[in-house]
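Okay, here's what each chain looks like letter by letter:
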Amino acid sequence: MEPREQQRPDSGLPGCVGVVGLGLIGGSLARALKRRAGIQRVIAYDLDQKSLDAALADGTADEIHLLPHAPLSVLSQAEAVFICTPVETVVPLARQICDICPGLVTDVASTKEAICSAIKADNFVGGHPMAGSERVGYGASSASLFENAVYVLCKPDERLTAIIEAIGAFPLHLAPAVHDQSVAAVSHLPHVAASALTLLAARADHGVLKRLAAGGFRDITRIASSDPSLWAQICQSARPSLLPLIEAYRSTLQEFETALRQDDRDSLMRLFADAAAYRNSLPIDGRGAMEALCTLTVHLSDQPGELGKVTTLLGDRQINIRNIRIRDFRTYEGGVLQLLLPDSRQARKAAGILKEAGYATE
């Protein structure tokens, strides 16, 4: 069980919080509320009994209710309720819960304008934590998911701000329309682009491409592995902001196509240079709408226990290893270990730890 922080009496945080939906975001939020913010009582609702049972067993939830038949009236006890269900269910649920719960009611959907326009209750605040992963379900959730993440709220609210800060995120106020336009550019369009690139390769693959795509191509299209049903809903909801961006993306690709057709190296260099300059100006720390994940390569000697030494070194220093790949391992020559880490900050920390221990990293 994860260590639990106790809520301070003067924290200004609610004593009882409801979480409706225990998927990746809802489950992570429930864990963070309990473990990081020290919320005393968490009431959880979900459609999946196994997720509810798991949350109760690990101490994340204090009370569980199975949807769709469990009454929402229990949420009248909550001082804040987070709706963490698919975007198409947020509005009807929020309307019901706002009538029941006198406290704060908020959601975590990645589109905001339609939802905020449809819910007129004064106690509703649209929200969106800019953190996520292609993984799904309560089993993939983590209390640290929101650490250093931007958390958007669509109108000022001291109660929600206090909760956001308590789970390790940074509150950012954005109007719903500005939010939708921005998130469509940095999250929704990249998911479409990654899926389109993957489809292009799949349709052209006659048995060779899959063997060549194991490295960089797999990394840049990682988010194409996201839940298809969820992303179909999200893109439909984001359509007003997403369609103009798809058109702009098509125009940008046309610039590359024109430069290639005209054999114009200067234009190609300018396009690549402009992209590189903007990419290099992006903040290194913090989290965004998509899970960052950084790969750290470690060169190992051919000695017994080398893998265990590396993972123990990092585990003892609280480095969270998401995945491990071993490649090019040959007898007497050693091999290469690839560690998948949550973000660049942990990757830099891990590299420093391993270099101090005598390992070569890149």
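Structure's up top.
No experiment lies behind these values; they were computed from the predicted model shown.

Chemist: Can you help me understand the sheet that holds strand S4 (residues 80-83) in this one?
Modeler: Pairing between the strands of a sheet comes from backbone hydrogen bonds, and it takes one of two forms, parallel or antiparallel. Strand order in the open sheet formed by six strands is S3-S2-S1-S4-S5-S6, and the pairing between neighbours is parallel. The open sheet is flanked by strand S3 (63-66) and strand S6 (124-125), the only strands paired with a single partner. Pairing between strand S1 (residues 16-20) and S4: four bridges, direction parallel. When the bridges of S4 are listed, Val17 appears paired with Ala80. Against the sheet, helix H3 (residues 87-100) makes contact with S1, S4, strand S5 (104-107) and S6, and its axis sits at roughly 165 degrees relative to S4, the strand it touches most. In the packing of helix H5 (residues 158-166) onto the sheet, contacts are made with S4, S5 and S6, and the angle to S5 comes to roughly 60 degrees.

Chemist: Would you explain the nonpolar core in this entry?
Modeler: Within soluble globular proteins, side chains that are nonpolar generally end up buried alongside one another. Judged by nonpolar contacts, the single largest core of 36 residues is most densely connected at Val19, Leu22, Leu29, Leu33, Phe82, Phe146 and Ile167. Among the secondary structure elements, those contributing two or more residues to this core are S1, helix H1 (24-35), strand S2 (41-46), helix H2 (49-57), S4, strand S8 (150-153) and H5. Per-element tally for this core: the top contributor is H1, with six residues. When residues no more than four places from it in sequence are discounted, the contact partners of Val19 are Gly26, Ala30, Leu33, Val42, Ile43, Ala44, Tyr45, Phe82 and Cys84. Core analysis: the second largest hydrophobic core is formed by 27 residues, Leu75, Val90, Val105 and Phe124 among them.

Chemist: Where do I start with the packing of aromatic side chains in this structure?
Modeler: In this description, an aromatic ring pair is defined by two values, namely the gap between the centres and the angle between the planes. Taken as a whole and judged by the stated rule, the model has one aromatic pair. Residues Phe256 and Phe272 carry aromatic rings whose centres are separated by 5.4 Å and whose planes lie at 65 degrees to one another, so their mutual orientation is edge-to-face. Placement of Phe256 in helix H10 (residues 239-261) and of Phe272 in helix H11 (residues 265-281) is noted, with a sequence separation of 16 residues between them. On the accessibility criterion, Phe272 (54% relative accessible area) is exposed.

Chemist: Before we go on, may I ask you to explain the sheet that holds S8 in this structure?
Modeler: Strand order in the open sheet made by the three strands is S7-S8-S9, with mixed pairing throughout. Edge positions in the sheet fall to strand S7 (127-129) and strand S9 (170-173), since each of these pairs with one other strand and no more. Across the sheet, the mean angle separating the axes of adjacent strands is 25 degrees when strand polarity is ignored. For S7 and S8, the ladder comprises three bridges, and the chain directions are antiparallel. What sits directly across from His128, in S8, is Val152. Those strands touched by H5 are S8 and S9, and its axis lies near 145 degrees from that of S9.

Basis of the calculations
- Residues numbered from 1 in each chain as written.
- Predicted model: local features only at pLDDT ≥ 70, side-chain atom pairs only at ≥ 80, totals over all residues.
- Heavy atoms only, no water.
- Pairing = 2+ DSSP bridges.
- Helix = DSSP H or I, 4+ residues; strand = E, 2+ residues; numbered from the N terminus.
- Contact = heavy atoms within 4.5 Å.
- Axes fitted to C-alpha atoms, helices over the stretch in contact; angles between N-to-C directions.
- Core = buried A, V, L, I, M, F, W, Y, C linked by side-chain atoms within 4.5 Å.
- Buried < 20%, exposed > 50% of the residue type's maximum accessible area, 1.4 Å probe, protein only.
- Phe/Tyr/Trp six-rings, centres within 6.5 Å; stacked < 30°, edge-to-face > 60°.

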